[in-house]
Amino acid sequence: MPASYGATASEAGSAPAPRRVQRAPTGIPPSNTHPLPPYLHSLSSCFLHDFEHVLPTTLTPESPPSLVRMYVLRHSPLWKHAVQPLSAVLLFLSSFMEDSSDDRWTISLSVLGCLLLSADLALWASYSSKSASAVAHTGFWAHVSALFIVSHLLEIFMYRHRVEDSILVSSSLKPAVLFYLLPSSESSLVSFLRVLPSVTKINLYLLGLIFLFSCGANQLFGGIDEHFGTLFHSFLTMFALSTSVNNPSCWIRLYNSSKWNALFFVCFLLLTYFFIQKIYIAVILEQYNKMAAERLELHRAQRQESLALSFAAIARDKGGRKKVQKNDVVQVLKNVRPHYGESKIEALWQELAGRRGDRLLGLETYKERMPGVIAKSIHRRRNRGMLVRLMESGIFDFLKLTLRTLPGIVPPLVLLFSVVHECVYVGEVLWKGRVGDWLEGRGGEG
């Protein structure tokens, strides 16, 4: 054995040298050579999901695996495209069902919709309660939806069935469910509320102008035309003229008596119909453009935050700097694009690694290249027909997942609906005091 490890030649010949212990390279802790826990890859993919769909971040790099699983469940295709729409459909379908003497079906649909919506609210509250941005954007409508569920169930259990020609008061809170399930609709409401003060001012200016012209029309034409005989009728006529609904029938008689009378109404139409009403459009467009710019800036900040958190979830300490490895990024891309094969995932990594083929990426490089990778859709050059595009879009994977999970979901839903329907029936019987008739009827059926 060669003389090494600090031993002399005589010592090497007389006694065997001790075996050298292999250690990790300097500057890299031994823990960095170990694979990351799988839930960290899922956590990083959750942040990329927020980035792709422009959602406020609801998790943190320190989130436990249980919260990550709840996030993945609520944002899964089956939950987003089946459970959430089903809860809204059941709640609103009960409002359009015909009233009858037996409303057990209507009440059962409402209760089942409330239960599904309660499950969605519970999932959202479990992983987003510590996120200030999520609470600021969705928290208000989530609380209103929870208030709707409680009040709706209380009204159902108090009255048992709807009385003819009456509605439940809690139904007025149903639109909050749509604002909760569709966060994009909230931006339209906020834009409308911001435009409302400016539009109100223009309306006041318009009403003041109509009132001035009404006073003038009453003084000039009150003794000639009955439409302007009183100030009230003159105001109504001029208000209708500002919308051109009675133009020129309201003043054509005055025009026939004297052509100079038309000058009064032409000036009024130029100021109201052709000028002030165009200001409406200008103000609304200006406010919406401001809202769009603010929303774009907010979305840009949210996306940058999501990218930074996605990087922090899988980053390792490499020589005093945080970097991500290829195998971790590849696993995250597999979670983000589960319908992509190995070749497409490798193509995405090549796009992320750049021309130099980097195997370690820093934060700035990750934030610079990852948006292009997420936005990139890889297609084969051959056979890009409709069937191939459907397969690459993941719709078949969603259908496959749906078919696999339906046998396990449909029986519990049917059982839950049956239990709710039976509980509603028993509650109605107990409420009306027909316990003996109910037991007798059940015994006859047995």
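Residues numbered from 1 in each chain as written. Predicted model: local features only at pLDDT ≥ 70, side-chain atom pairs only at ≥ 80, totals over all residues. Heavy atoms only, no water.

In the annotation of an unreviewed UniProt entry, the entry for the protein reads Ion transport domain-containing protein, and the organism field reads Tetraparma gracilis.

1. Re helix 2 (residues 38–52)
Note the cut-off: Here a helix means four or more residues in a row that DSSP labels H or I, a strand means two or more in a row labelled E, and each is numbered from the N terminus. By definition here, a helix of n residues has an expected span of 1.5 Å times n minus one. In this scheme, a residue with accessible area under 20% of its type's maximum is buried, one over 50% is exposed, and one in between is partly exposed, where area comes from a 1.4 Å probe on protein chains only. By the convention used here, residues are in contact when the closest approach between their heavy atoms is within 4.5 Å.
Helix length check: helix 2, at 15 residues, gives a terminal C-alpha distance of 21 Å against a target of 21 Å (1.5 Å per residue), a fit within 8%. Counting buried residues along helix 2, 11 of its 15 residues qualify, which places the element largely inside the surrounding structure. Within helix 2 the residues assigned to the buried category are Leu40, His41, Leu43, Ser44, Ser45, Cys46, Phe47, Leu48, His49, Asp50 and Phe51. Elements in contact with the buried residues of helix 2: helix 3 (65–74), helix 11 (261–314), helix 12 (326–336) and helix 14 (363–375).

2. What about the packing of aromatic side chains?
Note the threshold: Two aromatic rings from Phe, Tyr or Trp, using only the six-membered ring of Trp, form a pair when their centres are within 6.5 Å; if the ring planes differ by under 30 degrees the pair is stacked, by over 60 it is edge-to-face, and anything between is tilted. Charges are assigned to positions over rings by a cutoff of 6 Å between ring centre and Lys NZ or Arg CZ, combined with an angular limit of 35 degrees from the ring normal.
Tallied over the entire structure, the rule returns 14 aromatic pairs. One aromatic cluster in this structure is built from Phe213, Phe221, Phe228, Trp251, Tyr255, Phe264, Phe265 and Phe268. The residue whose ring lies beneath lysine 278 is tyrosine 273, and the NZ or CZ to ring-centre distance is 5.5 Å. The lysine or arginine in question, lysine 344, covers the ring of tyrosine 340, its NZ or CZ lying 5.1 Å from the ring centre.

3. Comments concerning the UniProt feature "transmembrane region" (unreviewed entry) in the protein
Heads up, the rule is: UniProt positions are given in the numbering used here, feature names are shortened, and annotations may be inferred rather than shown by experiment.
The UniProt record marks residues 109–127, 139–159, 202–221 and 260–285 with the feature "transmembrane region" (unreviewed entry), using the residue numbering of this structure. What you have in residues 202–221 is 100% helix and 0% strand, and the ends, taken at the C-alpha atoms, are 28 Å apart. Here residues 260–285 runs as 96% helix and 0% strand, with 38 Å between its end C-alpha atoms.

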